[in-house]
Amino acid sequence: MVFRSFNGRFLAGVALVGFMFAVAGCQSSDSSGVLNLTSQKQDTPPAPKVTASSLQAYCPKVTLRDGTAYFDTYARGGQGDQTKIVYQASISDVTRDCSRANGSLTLNVAVAGKVVPGPLAKPGTVTMPIRIVVLNGTDVLYSKLHQYPVQVSDLSAATQFVFNDASIVVPDPTARTYQIFAGYDEGPAKAVANADKPKPRRKKMQVVKKKPAPAEPAGSQTSISDIPR
């Protein structure tokens, strides 16, 4: 009895193993079956195209490039001497607003910051050179240097300021390739604290006194850290 029972279980096991091998053989010979599903999953869908509606909502961001967020003014002859600083100005935030009409994009770029009195500060006006640039790739669409005055009266605290250029008009973009840069640009003229400017002798006025930089037309080359990099 024991032998027959064991022999029956053995034959049933052999039959089960044979069935499993048969199924495995069928699966391996089926090139379009389960084993081929992994190759089908590797196909990636095409990248979505930029639509007209997304371009209508596109408003290029403003970048504050390294090295253009700070501006120091010094007493005459004290350039680079920390003890001769009159005012230290810095930009803390930049933003923009966009509107469209008649195939054009109008930008309103805002710059916020503060002016901190230095060791030689006196009440007066600090004039800061702030440049706004709009690029399309490497093409300069707009570049303007503003001589922005900030009145400083309290020498015990920083004076906050907000500057904005609301007259920037460029062609409506056909791709997301526009860039806006904002920052201090000492370029042709350096800011001078008017209250601290000594009255030069007439003989030296031709050498020391600088005329305000003329307004630059849109599209003129910028010098904010030699854009573009």
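As the structure is a prediction and not an experimental result, all values here were calculated from the model.

### Brief notes about the state of the cysteines
Line of reasoning, step 1. Taken as a whole and judged by the stated rule, the model has one disulfide.
Line of reasoning, step 2. With a sulfur-sulfur separation of 1.8 Å, Cys-59 is cross-linked through a disulfide to Cys-98. Since a negative S-S torsion denotes a left-handed disulfide, the Cys-59-Cys-98 link at about 80° is right-handed. Of this pair, Cys-59 sits in the loop between α3 (52–56) and β1 (62–64) while Cys-98 sits in strand β3 (residues 85–101); the two residues are 39 residues apart in sequence, bridging distant segments of the chain. For the residue pair Cys-59 and Cys-98, the accessibility class agrees, reading buried in each case.

### Re the sheet that holds strand β2 (residues 70–74)
Line of reasoning, step 1. Overall, antiparallel pairing links the four strands, which are arranged β2-β3-β4-β7 in an open sheet. Bordering the open sheet on either side are β2 and β7 (159–171), each of which pairs with just one other strand. With strand direction ignored, the average angle separating the axes of adjacent strands in the sheet is 25°.
Line of reasoning, step 2. Sheet analysis places strand β4 (residues 104–117) next to β7, joined by eleven bridges and oriented antiparallel.

### What about the sheet that holds strand β5 (residues 124–136)?
Pairing between the strands of a sheet comes from backbone hydrogen bonds, and it takes one of two forms, parallel or antiparallel.
Line of reasoning, step 1. Sheet architecture is open: four strands sit in the order β1-β8-β5-β6, paired in mixed fashion. On the outer flanks of this sheet lie β1 and β6 (139–152), each paired with one strand and no other. The mean inter-strand angle of the sheet, taken between neighbouring strand axes irrespective of direction, is 25°.
Line of reasoning, step 2. Taken together, the seven bridges between β5 and strand β8 (residues 178–184) define a ladder with antiparallel strand orientation. Residue pairing for β8: Ile-132 is matched across the bridge by Ala-182.

Rules used throughout
- Residues numbered from 1 in each chain as written.
- Predicted model: local features only at pLDDT ≥ 70, side-chain atom pairs only at ≥ 80, totals over all residues.
- Heavy atoms only, no water.
- Disulfide = S-S within 2.5 Å.
- Helix = DSSP H or I, 4+ residues; strand = E, 2+ residues; numbered from the N terminus.
- Buried < 20%, exposed > 50% of the residue type's maximum accessible area, 1.4 Å probe, protein only.
- Pairing = 2+ DSSP bridges.
- Axes fitted to C-alpha atoms, helices over the stretch in contact; angles between N-to-C directions.

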